[in-house]
Structures are given as C-alpha cells and as structure tokens.
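Next come the chains, spelled out residue by residue.
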Amino acid sequence: MKNDLEIGNRIRVVREELCMSRNTFSEKVNISESYLAQLELGNKSIGINTLLAICDYTGCSSDYLLFGEEGHNDTSKKIIRIVNHLPEKSLNLSYEILRSIKAHSDN
C-alpha cells in the first residue's frame, strides 16, 4: 500500500537522522529488526503500539510519521531529536558548537 511505503520511508529517515542501525533502533522501540525492516519497506502496516513507541522514543509527531506533516520549525525538531539521543560528552560539545553559532549569528 502506498501509505505504508510513505510511512516506512519516514521511519527510515528518522532512524537514519539518529544514525542508528535497524538493530539498535528496533531494540530501543521494542520491536523485532525484521518487523522494522518490513515497516521501512512498506510491506507491513504500523500498529498503534509501534507508532506510539517510535513517537515516544524519537520525539517525532504521529502526524509526521503518518501524514508527513511536521509543521513549522522542522529543522529545530530534527536537531532536538538528534540531541536527545547524544551521550553526555557529545551533548556538551554540541552545546558549545550551537552556542558559538548563535553568538556568530547575533553579530
């Protein structure tokens, strides 16, 4: 089904933005790797529990996963999704980088 393929593509994009393998991502959302692969390929429809688990883990909205509608400030949401899954050491570095960018843009 076309909608399943579109949903699967959006799930894959979110997973790849987090730089996660299927194996790691599937463990985090408590589904099998083969089910995740089937979702991403559009061969399976997403269930409500899986949808909620992916939204909860990634911070993605269900509107985005189901319909592709994220709303305004898409880039900010993508950054937040990535930052939410960084280890502490990388989080501190990211903060310093973002702070420098902001200081530069304020000038």
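Undergrad: Got a minute to help me understand unusual backbone geometry in this structure?
TA: Trans is the common state for peptide bonds, and a negative phi is the common state for residues other than glycine. In this structure, cysteine 19 takes a positive phi of about 55° despite not being glycine. Of note, cysteine 19 is situated in the loop between α1 (2-17) and α2 (22-28). Exposure remark for cysteine 19: the relative accessible area of 74% places this residue in the exposed category. Backbone geometry at asparagine 30 places phi at a positive 60°, although glycine is not the residue there. Position of asparagine 30 relative to the elements: it lies in the loop between α2 and α3 (33-40).

Undergrad: Could you clarify how one ought to interpret a nonpolar patch on the surface in this entry?
TA: On the surface, Ile79, Leu93, Ile97, Leu98 and Ile101 cluster together to form a nonpolar patch covering roughly 460 Å² of accessible area. Top element by residues in the nonpolar patch is helix α7 (residues 88-106). It accounts for 4 residues. Position of isoleucine 101 among the secondary structure elements: in helix α7.

Undergrad: Even after reading the chapter, I still don't get the confidence of the model for the chain, so can you show me in this structure?
TA: Interpretation of the predicted coordinates at a detailed level should be avoided for regions scoring low in pLDDT. On average, the chain scores 89 in pLDDT, and the residues at 70 or more come to 96%. Confidence scores differ between elements of the chain, with helix α6 (residues 74-83) showing the lowest mean pLDDT of 79 and α3 the highest of 97.

Undergrad: Would you mind showing me how to read the packing of aromatic side chains here?
TA: Describing an aromatic ring pair means giving the distance of the ring centres and the angle of the ring planes. The final tally for this structure, using the stated rule, is 1 aromatic pair. Measuring from centroid to centroid gives 6.2 Å for phenylalanine 25 and tyrosine 57, while their planes differ by 80°, and the two rings are edge-to-face. On the criterion of sequence distance, the pair formed by phenylalanine 25 in helix α2 and tyrosine 57 in helix α4 (residues 48-58) is long-range, its members being 32 residues apart. The two residues phenylalanine 25 and tyrosine 57 agree in class, both being buried.

Undergrad: What am I meant to see in the state of the cysteines here?
TA: Two cysteines form a disulfide when their sulfur atoms are joined by a covalent bond. Counted under the stated rule, the structure contains 0 disulfides. There is no disulfide at cysteine 19, and the cysteine sulfur nearest it, in cysteine 60, is 14 Å away. Free of any disulfide, cysteine 60 has its nearest cysteine sulfur in cysteine 55, 6.5 Å distant. Classification of cysteine 60 by relative accessible area gives buried; the value is 5%.

Undergrad: Got a minute to help me understand the pattern of salt bridges in this structure?
TA: For side chains of opposite charge, pairing can occur when their charged atoms come near one another. Summed over the entire model, instances satisfying the criterion amount to 6 salt bridges. A salt bridge links glutamate 17 to arginine 81, with the shortest nitrogen-to-oxygen separation between them at 3.1 Å. Linking glutamate 17 in helix α1 with arginine 81 in helix α6, this pair joins segments that are 64 residues apart in sequence. Accessibility expressed as a relative area gives 3% for arginine 81, which makes it buried. For lysine 102, the salt bridge identified is with aspartate 106, shortest N-O distance 2.8 Å. One end of the pair, lysine 102, and the other, aspartate 106, are both in helix α7, 4 residues apart, so they sit about a helical turn from each other. One continuous salt-bridge network, built from bridges that share partners, spans Arg15, Arg22 and Glu40.

Definitions and cut-offs
Residues numbered from 1 in each chain as written. Predicted model: local features only at pLDDT ≥ 70, side-chain atom pairs only at ≥ 80, totals over all residues. Heavy atoms only, no water. Helix = DSSP H or I, 4+ residues; strand = E, 2+ residues; numbered from the N terminus. Buried < 20%, exposed > 50% of the residue type's maximum accessible area, 1.4 Å probe, protein only. Patch = residues over 30% accessible without salt bridge, like charges linked within 9 Å, V, L, I, M, F, W, Y side chains within 5 Å. Areas by Shrake-Rupley, 256 points an atom, 1.4 Å probe, with all protein chains shown as cover. Salt bridge = Lys/Arg side-chain N within 4 Å of Asp/Glu carboxyl O. pLDDT = per-residue confidence, 0-100. Phe/Tyr/Trp six-rings, centres within 6.5 Å; stacked < 30°, edge-to-face > 60°. Disulfide = S-S within 2.5 Å.

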